[in-house]
Every structure is written in structure tokens, then in C-alpha cells.
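Coordinate analysis (summary)
Each chain is listed here by its residues.
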Amino acid sequence: MPHGAAHPDNRRKIILIDLAIAFYLFCCFGSTVAFVMKVQHLKEAPAWSLLIYAPTVLLTALAVAYKPHMALRTALVGGPFFLFILWTMASFQWSNQPDLTLRQGLLMCVTYGAACMISQYLSWLRLARILACLFTMQAVVSAGLAILTPQWGVMTEIYPGAWSGIWSFKQTLGVAMAVASGGVMGYALMQPRAVIWTAPALVIIALCAIKSEATTAILVTGLAMAMPVAVWLAQRHPSAAVLSVWAVVSGLAISFLVITILAPLVFQLLGKAPTLTGRTDIWRALEDPIAERPWLGWGYQAFWTDTSLTSPVDKVTAAMEGFRPPDAHSTPIDIRLQMGLIGLVLIALTFARTWWQIVMQAAREPAMMPMIGIFTAITAMAFTEVIGLYPMDGMTLIVQIVIVKTALSAWNYRDRIKGRPILV
């Protein structure tokens with residue numbers, strides 16, 4: 001056995017533990033609650049759902065109590081994102097539903113604490129494997145529900161026939177599969193020996209994305225799989241690096257051209273409305289509520305859930321001819337609506353910082369492959385879907401893990417270069 005190599009029994013044990021963690025995350029963060037809400041036609045999560053998160057909350061509290069200094073440093077490494085998390089809770093001060101905002105803000109802080117704990121105690125290799133397994137479980141179960149029990153896995157209202165898997169809406173499945181495609185493709189490049197299960201997983205993920213009939217998700221799925229491949233090719237040879245850069249630049253230029261100039265023609269050919277399935281109508285209807293509270297917003301999770309007689313959503317519903325949107329169908333716009341310009345600036349700084357850290361670490365850290373795929377999908381889908389704003393949700397946890405772990409590894413590398421003790 002080579003010096004420093006893990007014993008096969010220990011390696012097998014670690015893999016089994018990682019599978020158990022992936023299964024726990026699958027059951028707890030979003031999937032179980034979402035499926036029960038779907039089957040029982042519930043509008044809000046049942047009260048017992050908080051019990052599902054109890055082990056995570058307990059483990060996070062123990063991690064903080066065990067090494068409070070390290071936990072605080074890990075949280076602070078999040079930088080602008082840490083301030084964004086605090087901003088969600090602080091917004092109860094001016095929220096139109098202060099009690100709700102305070103509760104949801106505290107849950108968001110707990111979610112961030114869980115992301116910090118996972119980032120702090122799991123290596124990149126283990127974390128990438130756990131996320132790839134989690135994505136595979138979501139895809140396999142969603143496809144199984146749609147094929148074997150279509151009454152549970154296929155939509156019957158709004159978009160009849162579209163796959164929705166373990167979630168209520170096709171868009172949620174589409175977003176999940178777009179993120180999954182990037183994560184699993186990146187892991188397959190990072191760990192070629194895992195091709196025996198990553199290859200079929202990618203086929204199932206692509207099938208779920210296509211059958212969700214979410215046009216944006218299908219396009220982003222291709223982009224999310226292509227980006228890790230482009231970076232992988234770029235690392236093989238300088239000429240491949242040039243070709244990869246030009247391919248990415250050309251792809252972005254074409255996408256910008258399609259979105260800005262050729263959108264009406266493309267949507268007509270696809271049989272879709274140029275309003276992005278009504279999204280642009282929602283965005284126009286939100287201009288007045290945003291203008292009313294431009295700097296601070298209406299408070300975290302307080303706008304869309306307001307059902308009072310003076311609810312600001314009524315004006316949006318009237319502008320939408322009676323349709324009450326569940327959210328803004330755009331992460332930047334929803335952040336601007338809920339947490340104002342300050343919140344939007346913090347999240348913009350977070351994404352810019354994370355992308356910079358991913359690019360700077362891509363050459364030396366193999367685990368950047370799956371992170372590039374995941375964050376590409378998250379960034380692209382954020383413009384047409386609300387991602388990462390719901391506390392104790394699976395996608396929110398994944399977004400936070402990528403942000404925190406990327407920042408943590410960049411910080412540790414800097415400390416290693418300077419000869420200082422690292423965080424983990």
C-alpha cells in the first residue's frame with residue numbers, strides 16, 4: 001500500500017458514512033417536507049417539519065460549543081454573505097410582518113450555521129461526493145415517481161403532464177436537475193473511477209430536466225455540464241485552454257444576443273411567450289412595491305405571505321389580472337423586494353467574490369470542478385427563479401455550502417502560504 005494511502009476498510013467506512021449523510025440531507029432538507037406538502041396539497045410546511053431539522057440544529061449547536069472560536073471564524077469567512085444572513089434577521093425591525101420575519105430570519109441563521117458546520121468538518125472530496133450522491137438520489141426518486149406513480153410525480157394542474165418529481169412544480173425539479181447536472185458532471189471529472197454510477201446518474205438527471213419541460217432549466221443543464229468540461233480541457237493543454245475560453249465567451253455572447261435581440265423570434269419558434277411565461281409581467285408589477293421601500297425592502301419573507309386587508313400583494317395580483325404570484329421568479333428582484341438595495345448589494349458582492357475564489361482555486365483544487373458546475377447553474381437560474389431564499393431548504397443549504405466552503409478553502413490556502421494555523 002502506498003505511503004499515506006487510506007486503508008481499504010477505512011475508505012469503505014468513510015464512503016458509507018458519506019452515503020448516510022447524503023441520505024439524511026435528502027430526507028431532511030426539503031425533499032420529505034416538499035413531497036408531503038405536494039401529496040396533501042398543503043400551502044405551508046406542517047408544524048412537525050421542524051422536528052426533521054432537530055438533529056441538524058443539535059449537531060450545529062454542539063459544533064459551536066465544541067470549538068466556538070473556530071465556528072465564529074468560519075462564519076465570518078463568509079464575508080458579505082454573513083452580513084446578508086444577519087440582514088435577513090435584522091429586517092424584522094421594518095418588516096410589515098415582524099414576528100414572521102424574525103422567525104424566518106432565525107431559521108436562515110440556523111441554515112447558515114449548518115452550512116458552516118458541514119464546510120468546516122468535511123473535506124472537499126467528501127463534500128463533493130455527498131453532494132453528487134444527494135443529487136443522484138433526487139433524480140432517481142423523481143424519475144421513479146414520474147414513471148411508476150405518475151399521480152405523484154407528474155403535474156396535473158397548471159402544467160399538466162410536466163414532471164415535477166418529489167416537488168410540487170416543474171420549475172423546482174428543473175432547477176434541482178440543472179444544479180445536479182453540474183455537480184455530478186464535475187464529480188465525474190474529479191473522480192473518473194466513479195463513472196460506473198455518475199454516467200447513468202447524468203442520463204437520469206438530463207431526462208428529468210427535459211421532462212420537466214422547463215425551457216430555461218434545460219438550457220442551463222447543458223451549460224452547467226459544459227463548464228466543468230471546459231475547465232477540465234483547459235487544464236490539460238494550453239491550446240485547449242484557449243479554445244475553452246473562446247467557447248465560453250462565444251456562448252455567453254450568443255446567449256446575450258438571443259436574450260436581448262432575438263428573444264421574440266426564439267420564443268416564437270419554441271412556442272413560448274416572450275414574457276418568459278409571465279415573468280416579465282410580474283417584474284413590471286413589482287416596480288411600484290420596490291419603489292416604495294427601495295433601501296430596506298418589505299422584510300425577509302414578509303411580502304408574499306401578507307394576506308391582510310392592506311396587503312401589498314393585492315396590487316400585484318390586480319396588475320396580473322387576478323393571478324397571485326408565489327414569488328418574483330427572479331432572485332435579484334425578490335431580494336430587492338424583500339431586503340432592499342442593501343441586501344441586493346450584499347448578495348451581488350457574495351456572488352462576485354465566490355466566482356473569483358472559484359477561478360483562483362480551479363488550478364490547484366480538483367473539487368472546484370463540481371463547484372464550477374453547481375455555481376454556474378445557480379448563477380444562471382437565479383435570474384428566472386428564486387433560489388436560496390427559503391430557510392432550511394435543500395437548495396438554500398447547497399448554495400450556502402458552496403459559498404462558505406469556497407471562501408474557507410481560499411482562506412486556509414492563504415494561511416498555509418503564510419505559515420499560520422488553518423481553520424480546519
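Residues numbered from 1 in each chain as written. Predicted model: local features only at pLDDT ≥ 70, side-chain atom pairs only at ≥ 80, totals over all residues. Heavy atoms only, no water.

**What to know about helix 11 (residues 195-211)**
Residues separated by three or four positions in an α-helix point in the same direction, a consequence of the helix having 3.6 residues per turn. As a reminder, the rule being used: Where helices and strands are cited, they refer to DSSP runs of H or I of at least four residues and of E of at least two residues respectively, numbered from the N terminus. Residue count minus one, scaled by 1.5 Å, sets the expected span of a helix. Each residue is placed in one exposure class: buried if its accessible area under a 1.4 Å probe, protein chains only, is under 20% of its type's maximum, exposed if it is over 50%, and partly exposed if it falls in between. The arc in question is traced by the directions running from the helix axis to the C-beta atoms. Any two residues having at least one pair of non-hydrogen atoms within 4.5 Å are treated as being in contact.
Taking 1.5 Å per residue as the helical rise, helix 11 with its 17 residues ought to reach 24 Å, and the 24 Å between its terminal C-alpha atoms agrees with that figure. Within helix 11, the full set of buried residues consists of Thr198, Ala201, Leu202, Ile205, Cys208 and Ala209. Down the axis of helix 11, the buried set is contained in an arc of 130°. They therefore lie on one face. Counted as exposed and oriented over 90 degrees from the buried face of helix 11: Ile196, Val203 and Ile210. On its buried side, helix 11 packs onto helix 8 (124-148), helix 10 (170-190) and helix 12 (215-236).

**Focus on the packing of aromatic side chains**
This is how the line gets drawn: Whether two aromatic rings pair depends on their centres lying within 6.5 Å, for rings of Phe, Tyr and Trp, where Trp uses its six-membered ring; planes under 30 degrees apart make the pair stacked, over 60 edge-to-face, and the rest tilted. Ring-over charges, as used throughout, are those where CZ of Arg or NZ of Lys falls within 6 Å of the ring centre and within 35 degrees of the ring normal.
As enumerated under the stated definition, the model contains eleven aromatic pairs in all. Measuring from ring centre to ring centre gives 5.7 Å for phenylalanine 29 and tyrosine 53, while their planes differ by 45°; the resulting arrangement is tilted. Highlighted residues: phenylalanine 29 in the loop between helix 1 (8-28) and helix 2 (31-40) and tyrosine 53 in the loop between helix 3 (49-52) and helix 4 (54-66), separated in sequence by 24 residues. Of the two residues, phenylalanine 29 and tyrosine 53, neither departs from the other in class, the shared state being buried. An aromatic cluster is built from Phe81, Phe82, Phe84 and Tyr112, whose rings are joined through pairwise contacts. The lysine or arginine in question, arginine 293, covers the ring of tryptophan 298, its NZ or CZ lying 4.1 Å from the ring centre. The residue whose ring lies beneath lysine 405 is tryptophan 124, and the NZ or CZ to ring-centre distance is 5.7 Å.

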